[in-house]
Amino acid sequence: MDHLNLNDIALFVQVMRHGSFAEAGRQLGLPSNTVSRRIQDLESQLGVRLLQRSTRKLTPTGAGLALHARCAEPVEGLFEASQDLMLGHEEPRGVVRVAAPADFFDFFAMPWVAGFLQSHPRVSLDFVLSDANTDLIAERIDVAFRGGAMEDSGHVGRAVLPEGEEGLVASPTYLAARGVPTTLAELAAHAFVAFSRPGRSVSWRMRGPDGSEDEIKVTPCFSANTAQVLRKATLAGIGIALLPRPVIRRDLDAGLVVPVLPGWTRRGRGLHVLYPSRRHLPAAVTAFIDLAVERLRELEA
């Protein structure tokens, strides 16, 4: 095999980062057809296909993902270092692409975003809101917020919000009409709102006041895939819900919902922030992570 052209490997990393030959070319000052030809040359030298081409998008192959995982960190570190040297500073700049749950902005205040952008005028934010676990590499995500336990995904991550507790709540109107349950067994006679699941029944493993655990199965009359929609259904008196405390804290304080069987709780999902496993994060990404962690932890204060 001839010696590989390291510039072509660096070019491949930039194509992966920007998602197209054209955009990578614009960023580097190269014609799109030149970028495409050099990636083809690299594939020929390696003897493997790195990218599947279609008229709509580029999709990395398994070999392409493996090469990117090995090369992205050093290449992007050199690229960012050279930019900093040329500009003479490390001011946050560029696009930060953020993946977050669909109802992220129901608890992450938009004025926080406005303040961040005002403080960092060379940064722009691009949000991808979905309750699905977005592929950080394939979707070119810089930082992702995910609920639930940390998975061994190969990404760097840290806890933003602790697991905490989820409790059963209902509106006073609902309880006045249907009665107040005093035991888990009495829940069988009640209506519920719950997160969407395959099939109709939902199982909740609850911990009692004495530390014992019991599992209850409910069939919701209303289900949805975001906590805020379930909160609104609960406020409307549709049924009893099991929701995280931060989602309903203000409603509890205002008396719009009240605890049901307050001695029984379930361990919450918590919230984590993930980002691709790189030694040197861009300054813009670091700045946004710092802001998000600080603001989200204020919700628990």
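The rules we used
- Residues numbered from 1 in each chain as written.
- Predicted model: local features only at pLDDT ≥ 70, side-chain atom pairs only at ≥ 80, totals over all residues.
- Heavy atoms only, no water.
- Core = buried A, V, L, I, M, F, W, Y, C linked by side-chain atoms within 4.5 Å.
- Buried < 20%, exposed > 50% of the residue type's maximum accessible area, 1.4 Å probe, protein only.
- Helix = DSSP H or I, 4+ residues; strand = E, 2+ residues; numbered from the N terminus.
- Contact = heavy atoms within 4.5 Å.
- Axes fitted to C-alpha atoms, helices over the stretch in contact; angles between N-to-C directions.
- Left-handed = near helix turned anticlockwise from the far one by under 90°.
- Nonpolar A, V, L, I, M, F, W, Y, C, P; charged D, E, K, R; others polar.
- Salt bridge = Lys/Arg side-chain N within 4 Å of Asp/Glu carboxyl O.
- Phe/Tyr/Trp six-rings, centres within 6.5 Å; stacked < 30°, edge-to-face > 60°.
- Pairing = 2+ DSSP bridges.

## Let's talk about the nonpolar core
Inference 1: Val96, Phe108, Val143, Phe145 and Phe288 are the most contacted members of the largest nonpolar core, which has 24 residues in total.
Inference 2: Of all the secondary-structure elements, those providing two or more residues to this core are β3 (94-100), α5 (110-119), β4 (123-129), β5 (143-147), β15 (271-275) and α9 (283-298).
Inference 3: Apart from residues lying up to four places away in sequence, Val96 is in contact with Val123, Ser124, Leu125, Asp126, Asp142, Val143, Ala284 and Val285.
Inference 4: Of all hydrophobic cores here, the second largest spans 19 residues; its members include Ala191, Ile240, Val260 and Leu261.

## Here we look at the packing of helix α1 (residues 6-18) against helix α3 (residues 32-46)
Inference 1: In contact at an axis separation of 9 Å, α1 and α3 are set at 120° when each is read in the N-to-C sense. In this structure, the crossing between α1 and α3 has a hand that is left-handed. On the side of α1, the interface is formed by Asn7, Asp8, Ile9, Leu11, Phe12 and Val15, while α3 contributes Val35, Arg38, Ile39 and Leu42.
Inference 2: The residue inventory of the contact of α1 with α3, partitioned by class, reads seven nonpolar, one polar and two charged.

## Details of the side chain of Ser171
Inference 1: Among the structural elements, Ser171 can be located in the loop between β7 (165-170) and α6 (172-178).
Inference 2: By relative accessible area, which is 2% here, Ser171 ends up buried.
Inference 3: When residues no more than four places from it in sequence are discounted, the contact partners of Ser171 are Thr234, Leu235, Gly237, Leu256 and Val257.

## Re the pattern of salt bridges
Inference 1: Enumeration according to the criterion identifies 11 salt bridges in this entry.
Inference 2: A salt bridge links Asp41 to Arg37; its shortest N-O distance comes to 3.6 Å. Taken together, the positions of Asp41 and Arg37, both in helix α3 and four residues apart, correspond to about one turn of that helix.
Inference 3: By relative accessible area, Arg37 is classed as partly exposed at 43%.

## Looking at unusual backbone geometry
Generally, phi is negative for residues other than glycine and the peptide bonds are trans, each holding for most cases.
Inference 1: Phi is positive for Arg140, which is not a glycine, with a value near 55°.
Inference 2: With respect to the element layout, Arg140 can be found in the loop between β4 and β5.
Inference 3: Owing to a relative accessible area of 30%, Arg140 belongs among the partly exposed residues under this scheme.
Inference 4: We note that Leu261 has phi near 45°; this positive angle belongs to a residue other than glycine.
Inference 5: For Leu261, the position within the fold is in the loop between β13 (258-259) and β14 (265-267).

## Some details on the environment of Val247
Inference 1: Here Val247 shows up in helix α8 (residues 245-254).
Inference 2: Separated by 140 residues in sequence, Val247 and Phe107 have C-alpha atoms that sit 7.7 Å apart.
Inference 3: Contacts of Val247, omitting those with residues within four sequence positions, involve Ala227, Gln228 and Arg231.

## Considering the packing of aromatic side chains
Inference 1: Overall, the coordinates contain 12 aromatic pairs when judged by the stated rule.
Inference 2: Their ring planes at 50° and their centres at 6.4 Å tell us that Phe108 and Phe288 sit as a pair that is tilted. With Phe108 in the loop between β3 and α5 and Phe288 in helix α9, this residue pair connects regions lying 180 residues apart in the sequence. Of the two residues, Phe108 and Phe288, neither departs from the other in class, the shared state being buried.
Inference 3: Chaining the aromatic ring pairs together yields one cluster made of Phe104, Phe105, Phe108, Trp112, Phe116, Phe127, Phe145 and Phe288.

## A few points about the pairing of β7
Residues in a regular strand project their side chains so that they alternate between the two faces of the sheet.
Inference 1: Of all six residues in β7, five are buried, a share of seventy percent or more.
Inference 2: As defined by bridge partners, β7 adjoins strand β12 (residues 241-244) across four bridges and the pair is classed as antiparallel. Its bridge partner lying in β12, Val169 is registered against Ala241.
Inference 3: Bridging between β7 and β13 involves two bridges; their strand directions are antiparallel. The residue bridging Val169 from the neighbouring strand is Pro259, located in β13.

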